[in-house]
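Descriptive structure summary
Residues per chain, in single letters:
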Amino acid sequence: MTHTTFLQGFEQALRTEAGHPAMAVYRNTVMKGRIDALEANFPAVLRLVGREWFRSVAALYVAEDPPRDPRLVLYGDGFPEFLGRFEPASELPYLEGVARLDHLWVESHTAADAKALPHDALVGHAPEQLGACRLVPHPAARWLWHPQLPIGTLWSHSRASDDTADLGDIAWVGEGLLLTRPGHEVQWAGLTAGGAALLSACGEGHALGEAAAAAMGAEPECDLAAALALLLEQGAFAAA
Amino acid sequence: MKLTAGVSLKPQHFDEAERTRADGLWFEVHAENYMVAGGPRLAWLERIRSCHPVSLHGVALSLAGDAVPDAAHLQRLAALVRRIEPALVSEHLAWSRLDGTYFPDLLPFPRTTEALQRMAANIDLTQQALGRRIAIENPSHYLPLDGHAWSEVDFLNELAVRTGCGLLLDVNNVFVSAHNLGGDALAYLDAFPVKHLMEVHLAGHGVDANLPLLIDSHDAPVSAEVWRLYRHLIARTGPVPTLIERDDQVPAFDTLLAERELACVDPAEALP
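These remarks concern the structure in this document.

Analysis parameters
- Residues numbered from 1 in each chain as written.
- Chains lettered and ligands numbered in written order.
- Predicted model: local features only at pLDDT ≥ 70, side-chain atom pairs only at ≥ 80, totals over all residues.
- Heavy atoms only, no water.
- Core = buried A, V, L, I, M, F, W, Y, C linked by side-chain atoms within 4.5 Å.
- Buried < 20%, exposed > 50% of the residue type's maximum accessible area, 1.4 Å probe, protein only.
- Contact = heavy atoms within 4.5 Å.
- Buried area = accessible area lost by both parts, 1.4 Å probe.
- Salt bridge = Lys/Arg side-chain N within 4 Å of Asp/Glu carboxyl O.
- Polar contact = N/O pair within 3.5 Å; in protein donor to acceptor, adjacent residues only side chain to side chain.
- Helix = DSSP H or I, 4+ residues; strand = E, 2+ residues; numbered from the N terminus.
- Nonpolar A, V, L, I, M, F, W, Y, C, P; charged D, E, K, R; others polar.
- Expected span 1.5 Å × (residues − 1).
- Phe/Tyr/Trp six-rings, centres within 6.5 Å; stacked < 30°, edge-to-face > 60°.
- Lys NZ or Arg CZ within 6 Å of the ring centre and 35° of its normal.
- Pairing = 2+ DSSP bridges.
- Axes fitted to C-alpha atoms, helices over the stretch in contact; angles between N-to-C directions.

Comments concerning the nonpolar core
The nonpolar side chains of a soluble globular protein tend to be buried, and buried together. Phe109, Met119, Ile136 and Leu202 of chain B are the most contacted members of the largest nonpolar core, which totals 91 residues. Among residues more than four places away in sequence, those in contact with isoleucine 136 of chain B are Leu63, Glu91, His92, Leu93, Met119, Ile123, Leu156, Cys165, Gly166, Leu167 and Leu168 of chain B.

Structural notes on the interface of chain B and chain A
At the junction of the two partners, chain B supplies 45 residues and chain A supplies 36 residues. Carbon and sulfur atoms supply 66% of the area buried between chain B and chain A, which totals about 3,500 Å² over both sides. Close ionic contact of aspartate 248 of chain B with lysine 32 of chain A constitutes a salt bridge, the shortest N to O distance being 3.3 Å. The interface formed by chain B and chain A contains 13 residue pairs in polar contact (both at pLDDT 80 or more). If you list the elements that add at least two residues to the side of chain B that touches chain A, you get α2 (40–49), α3 (71–84), β5 (95–98), β6 (101–107) and α4 (113–130) of chain B. Residue contributions to the side of chain B that touches chain A peak at 7 residues, all from β6 of chain B. Classifying every residue of the side of chain B that touches chain A by side-chain character gives 25 nonpolar, 9 polar and 11 charged.

Some points on the pattern of salt bridges
Applying the stated rule across the entire model yields 20 salt bridges over all chains. For the salt bridge of arginine 71 of chain A with aspartate 69 of chain A, the shortest nitrogen-to-oxygen distance reads 2.8 Å. Look at arginine 71 of chain A and you get buried, because its relative accessible area is 12%. Since its relative accessible area comes to 26%, aspartate 69 of chain A is described here as partly exposed. The partner of glutamate 261 of chain B in a salt bridge is arginine 260 of chain B, with the nearest N and O atoms 3.4 Å apart. Using a relative accessible area of 1% as the deciding quantity, one classes arginine 260 of chain B as buried. Several salt bridges share partner residues, and in doing so they unite Lys32, Asp36, Glu39, Arg51 and Arg55 of chain A together with Asp248 of chain B into one network.

A few points about helix α2 (residues 23–41) of chain A
Spanning 19 residues, α2 of chain A covers 27 Å between terminal C-alpha atoms, matching the ideal 27 Å at 1.5 Å per step. Those residues of α2 of chain A not exposed but buried are Met23, Val25, Tyr26, Arg27, Val30, Gly33, Arg34, Ile35, Ala37, Leu38, Glu39 and Asn41 of chain A.

Concerning the environment of alanine 67 of chain B
Relative to the elements of secondary structure, alanine 67 of chain B occurs in the loop between β3 (54–57) and α3. Along the backbone, alanine 67 of chain B and tryptophan 227 of chain B are 160 residues apart, and their C-alpha atoms lie at a distance of 37 Å.

As for the packing of aromatic side chains
Across all of its chains, the model carries 21 aromatic pairs over all chains by this definition. Relative to tyrosine 230 of chain B, the ring of tryptophan 227 of chain B lies with its centre 5.9 Å away and its plane at 75°, an arrangement referred to as edge-to-face. Linking tryptophan 227 of chain B with tyrosine 230 of chain B, this pair stays in helix α8 (residues 224–237), spanning 3 residues, or about one helical turn. By the burial criterion, tryptophan 227 of chain B is buried, and tyrosine 230 of chain B matches it. Grouping aromatic residues by their ring pairs yields a cluster made of Phe42, Trp53, Phe54, Tyr61, Tyr75, Phe79, Phe82 and Phe86 of chain A. The aromatic ring of tryptophan 105 of chain A is capped on one face by arginine 159 of chain A, whose charged end is 4.5 Å from the ring centroid.

Quick notes on α2 of chain B
Of the positions making up α2 of chain B, those classed as buried are Pro40, Arg41, Leu42, Leu45 and Ile48 of chain B. As for α2 of chain B, its buried residues are in contact with α6 (95–110) of chain A together with α1 (14–19), β2 (26–30), β3 and α3 of chain B.

Digging into the sheet that holds strand β3 (residues 187–191) of chain A
Residue and element names in this part refer to chain A. Pairing within the open sheet is antiparallel, and its 3 strands lie in the order β1-β2-β3. With partners counted over all chains shown, the strands left at the sheet margins are β1 (142–146) and β3, one partner each. Looking at each pair of strands side by side, their axes are set apart by 15° on average, direction ignored. Of the strand pairs in this sheet, strand β2 (residues 175–180) and β3 are connected by 5 bridges, and their pairing is antiparallel. Within β3, the position partnered with glycine 176 by the bridge is leucine 191. In the packing of α6 onto the sheet, contacts are made with β1, β2 and β3, and the angle to β1 comes to roughly 170°. Together, β1, β2 and β3 form the strand contacts of helix α9 (residues 193–203), whose direction differs from that of β1 by roughly 135°.

Encoded structure:
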């Protein structure tokens with residue numbers, strides 16, 4: 001038997017119930033390592049659904065999309081989408097968005113270091129100069145807008161506590177969230193549809209004037225000055 | 001600084017680790033957890049590194065795989081080594097990747113001459129990419145395999161001779177494997193080529209819920225039997241950088257430090 005033939009046979013035995021009883025030890029370790037990683041990377045989902053449910057759905061995801069990158073701290077980029085089409089979770093339509101925010105938090109937490117554009121960087125620019133400015137999102141800035149569901153509130157609430165009892169007070173309307181890392185730690189703030197569209201347009205390389213038009217398109221009553229001020233305050237742009 | 005005993009470093013202990021001073025104290029982390037572009041995780045490690053020696057312990061190079069180490073992964077390890085300037089770099093006598101899929105475990109294989117050549121080539125590649133010597137660790141075994149052409153000790157020695165790599169001897173893994181496969185842990189230690197020894201690992205183990213197997217769980221204090229084996233070893237080798245390895249059920253930092261004190265024994269007083 002060649003070395004490769006052995007490894008292939010062993011890998012097959014990991015996926016089935018075949019082979020020596022002690023194979024179970026390796027099966028358990030591999031499964032536990034992958035599920036533990038998802039548990040660590042999706043803490044808000046974990047709190048919303050409970051540990052037992054989380055680990056059983058994570059086991060299904062793991063079988064479908066095992067890690068292709070050795071860095072388990074980043075594992076699970078396909079998990080939100082999996083949850084979105086997971087039939088038994090259809091009564092929790094916000095789960096996919098909350099999972100996306102968990103994954104965006106991981107991305108923000110591990111993104112490259114860079115200075116944020118100071119919040120007063122645009123003070124004193126004439127309107128026509130402002131419109132031509134090209135602002136680049138900070139490497140650790142991540143954002144998400146959900147047109148129907150308050151995913152930001154659900155997510156931040158789940159990150160902060162185990163207590164889901166007062167979810168009844170939440171307004172079930174569309175919501176966005178902005179994650180930034182201007183200092184050492186990831187922080188977050190609510191984001192409007194206009195603010196999210198503004199930042200997305202900047203990320204696509206558009207000048208601020210075009211980004212403002214995109215913001216108004218997404219949210220006709222958008223307060224552009226307030227949206228921009230919030231982005232600057234949160235450190236959403238990289239220093240030039 | 002001469003390394004004495006170290007402990008595994010977990011994020012919840014960063015602040016205490018940064019404040020603690022002890023003769024020869026060092027910390028070991030899993031390299032993969034710090035292979036990120038930036039952010040607080042890397043910043044923490046750099047802060048620790050500014051006041052303590054750090055050891056990078058890799059778990060995913062898959063040196064005993066059937067392919068060369070993943071190029072991107074090796075580059076990230078090399079970048080981390082340049083950034084942290086670790087006192088030690090280590091990996092395992094195991095595989096954890098096949099056809100691009102990763103298995104978070106240290107998987108076994110028959111120690112054939114083909115496997116030896118493959119692994120020696122992978123260690124060469126790694127040492128070239130890092131520009132330094134790495135240490136290879138003996139894993140825990142659970143499964144009897146057919147087709148071994150080499151004993152584990154001879155296989156490790158041959159890797160060291162061929163590649164110039166060092167060895168990391170995990171005494172708990174020797175104990176667990178001897179129990180599970182039916183071997184003699186003392187004889188293993190006595191046959192171990194200690195001239196290549198760069199580091200020792202000590203950890204706790206558990207008992208499998210269903211099978212008569214010990215599990216290298218890293219979730220308990222080092223057992224009395226493993227301490228006895230350790231003292232037997234260092235009576236022969238003299239002081240070796242020794243890690244108290246803990247990855248699960250991680251206790252308070254002070255508890256780990258107290259366990260570490262037990263590894264700071266004078267070899268002259270250690271019972272053979």
